[in-house]
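Analysis of the macromolecular model
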Amino acid sequence: MDETLAKKLRILADAAKYDASCASSGAPKRSAGKGELGSTTGAGICHAYTPDGRCVSLLKILLTNWCLFDCAYCVNRRSSNVRRAKFTVEEVVRLTVEFYKRNYIEGLFLSSGIIKSPDHTMEQMNRVAKSLRRDHGFRGYIHLKTIPEASPWLIEEAGLFADRLSINVELPTEQSLERLAPEKDGASIQGAMAQIGERIVEAKAERRRFAPAGQSTQVIVGADATTDEALIRKSAHLYGSVGLKRVYYSAFSPIPDGAAILPLKSPPLQREHRLYQADWLIRYYEFTPDDVADAADEGMFALDVDPKLAWALKNRARFPVDVNRAEREMLLRVPGLGARAVDRIIQARRHTTLRLDDVARLTSALRRARPFLIAADYTPGDQTDRLDLRARLAEPARQLSLF
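Residues numbered from 1 in each chain as written. Predicted model: local features only at pLDDT ≥ 70, side-chain atom pairs only at ≥ 80, totals over all residues. Heavy atoms only, no water.

**Quick notes on the overall build of the protein**
Helix and strand counts for the protein stand at 15 helices and twelve strands. A buried classification covers 54% of the 403 residues belonging to the protein. Long-range pairs, those at least 24 residues apart, make up 67% of the contacts in the protein with a sequence separation of at least 6. (Helix = DSSP H or I, 4+ residues; strand = E, 2+ residues; numbered from the N terminus. Buried < 20%, exposed > 50% of the residue type's maximum accessible area, 1.4 Å probe, protein only. Contact = heavy atoms within 4.5 Å.)

Take a look at the structure:
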């Protein structure tokens, strides 16, 4: 690799580190045929490294970090004093192919600042994906970060060559967008996401290829005053209205020469973790947005206990539940019982009466579950109503090692 290209790679790989939505899970399995290159496994891949040492699944770069927009929270905003660079289409294709042949990567995550116009930028990104697929027979994973202001037909074209498309909602409310990213339009973002969602559904029905790994989005946490409850309600709406594959929650990171309206420090990373846990309750545990909101205090999730445990502590009258009789919906609400453990319990109790030792073999978190369940040889007594139950089950603070 020549020195100029290496310099661009350092700048534009580092500039892409703020985008979290690059998991490759959900792509259909593919293997290269004769004269083709690459494959996908259908599961996440994670063995490439960014310049700051993080392990990621893909070659994760920006086409350019030049941008016409001036979003207050973005390090690549128009007014930011950062080093700038721009790849050509041919350079991105060359990097992807060469890195794949060296077994450095198994796919490409491509985003970009807005240059010249949204249509011009989207066209350049599409050319990358099209060249990889048609000129090089690349069968690996491709994720394109689409631009909602681009023409609908360009977004349509992106879905023909990418495995996954994503559009960042950036901030959860229109008010926050107007304040921190006035050049972006929430209605345009939602409209483009709806367009992608409709095309994905149509393609599945017609058995043709269009973004087969679905679409995702990313939302910034802590750049504004939006509560956890509002963030989760926004996510639930997107899952239901545009068929979103998943939402990525990205804790706001203070940037050099940041605007005065931004916070001076990042939110606790544990907040990001709690949002992911709450998100899973909606996606896999049959919780409604109202249920998840009930787990919060004044709209915010506790940092010392996970949202599922917080909900159970607020609804102790519904516990303990009998593992041999309870409906699946209620078993899913028992702290410490994951969705797989619940399915194993339901399958096992068809053939035998479950004792506490049997439950222990089906979950690795029996300590948290014990106060909330009944087994053939076990009842929790007064444990469920103990005033100190939260303190007993709260996650202890840990000093992280530097090594």
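Next, the rest of the story.
**Quick word on the pairing of strand β10 (residues 246-251)**
By the criterion of burial, β10 is predominantly enclosed, with five of the six residues buried. Relative to β10, strand β9 (residues 215-221) runs parallel, the two sharing six bridges. Note on β10: the bridge partner recorded for Gln-218 is Tyr-248. The β-α-β motif built from β9, the intervening helix α7 (residues 228-242) and the parallel element β10 has right-handed crossover chirality. (Pairing = 2+ DSSP bridges. Right-handed = clockwise from strand over helix to strand, strands pointing away.)

**Looking at unusual backbone geometry**
Following Phe-319, the chain continues to Pro-320 via a peptide bond in cis, the omega torsion being 0 degrees. For Pro-320, the position within the fold is in the loop between α10 (307-314) and β11 (321-322). Notably, Arg-207 is not glycine yet its phi reads approximately 55 degrees, a positive angle. Structurally, Arg-207 is set in the loop between α6 (186-206) and β9.

**A closer look at the pairing of strand β7 (residues 141-145)**
β7 sits mainly inside the fold: five of its five residues count as buried. Of the two faces of β7, the one lined by Tyr-141, His-143 and Lys-145 and the one lined by Ile-142 and Leu-144 are each fully buried. Pairing between strand β6 (residues 107-111) and β7: four bridges, direction parallel. Across the sheet, Leu-110 pairs through a bridge with Leu-144, a residue of β7. A crossover connection joins β6 to the parallel β7 through helix α3 (residues 118-135); in handedness this β-α-β unit is right-handed. In terms of strand pairing, β7 meets strand β8 (residues 164-166) through three bridges, oriented parallel. Note that in β8 the partner of His-143 across the bridge is Arg-164. At this point the chain moves from β7, through helix α4 (residues 152-161), to the parallel β8, and the crossover so formed is right-handed.

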